[in-house]
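Structural overview
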Amino acid sequence: MPEKKVVPFRSSEGISHSLTQRLLEKGKSYGLTAILPFNIDKIEVAEWVRLKCHYGCSRFDSNWTCPPATPGPDKVRAILDEYELALLLVGTKSCSDFYLNNGRKRFNQVRCWKGTISLERMLFLEGYYKAFSLVGECCALCKECAYPETCRFPQEKRPSVESFSIDVIGTLKNLGKTSKIATQTGDTYNYFGIILLE
């Protein structure tokens, strides 16, 4: 019988370059182009982000990973206070289906979702027991969300970055990064996920 691996849990050791590279290699199969470690104090939480969810998104009050089912800004700030380090996941895509609701768009959303969750799991198995994903797309695991009935995929249920009241552009600015905004449906654009690490 093979010997079981014991995973030593980490405590504020940061993340090695080699692990970040292994994560990126795995992430490339899900569309990621970069993974950047950063200090949690660079995350910008803002009330107006939730306002955009409420008054600009059809998923508001209809999805388990969107408001009001996700924590409000004050709760998010309290959660972030329990972390020091996070990973910014950067993906690039060109999707003429951005404003449509079709199978190809859903396939890409599920791919992004499952990729982020798989990286969170990989980090947990490396000893980062507090790893928690904020996904760079809205949930599309089900063609139609069961909300407000019980979620069909509770182990994979995670909030999107924006539904967690995170100002993505403000956070990028705090990191000294920029992102091109797509102005045409065929433009290439970046999407961002975050994994809260330790």
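To be clear, the structure that these remarks concern was listed above.
Attention in this report is confined to the structure presented alongside it. (Residues numbered from 1 in each chain as written. Predicted model: local features only at pLDDT ≥ 70, side-chain atom pairs only at ≥ 80, totals over all residues. Heavy atoms only, no water.)

What follows concerns the pairing of strand β2 (residues 85–94). Extensive coverage of β2 is indicated by the burial of 8 of its 10 residues. Across 7 bridges, strand β1 (residues 32–39) lies against β2 in antiparallel orientation. Each residue of the ladder has a partner; that of Leu-32, found in β2, is Gly-91. Pairing of β2 with strand β4 (residues 188–196), which is carried by 9 bridges, proceeds in the antiparallel orientation. Residue pairing across strands places Ser-94 opposite Thr-188, the latter belonging to β4. (Buried < 20%, exposed > 50% of the residue type's maximum accessible area, 1.4 Å probe, protein only. Helix = DSSP H or I, 4+ residues; strand = E, 2+ residues; numbered from the N terminus. Pairing = 2+ DSSP bridges.)

To continue, consider the environment of Asn-190. Relative to the helices and strands, Asn-190 is located in strand β4. For Asn-190, a relative accessible area of 26% puts it in the partly exposed group. Here Asn-190 is in contact with Val-90, Gly-91, Thr-92, Ser-179 and Lys-180, once residues within four sequence places are set aside. Here the side chain of Asn-190 touches Gly-91 through a polar contact of 3.3 Å, landing on its backbone oxygen. Among the polar contacts made by the side chain of Asn-190, one reaches the side chain of Thr-92 at a distance of 3.0 Å. (Contact = heavy atoms within 4.5 Å. Polar contact = N/O pair within 3.5 Å; in protein donor to acceptor, adjacent residues only side chain to side chain.)

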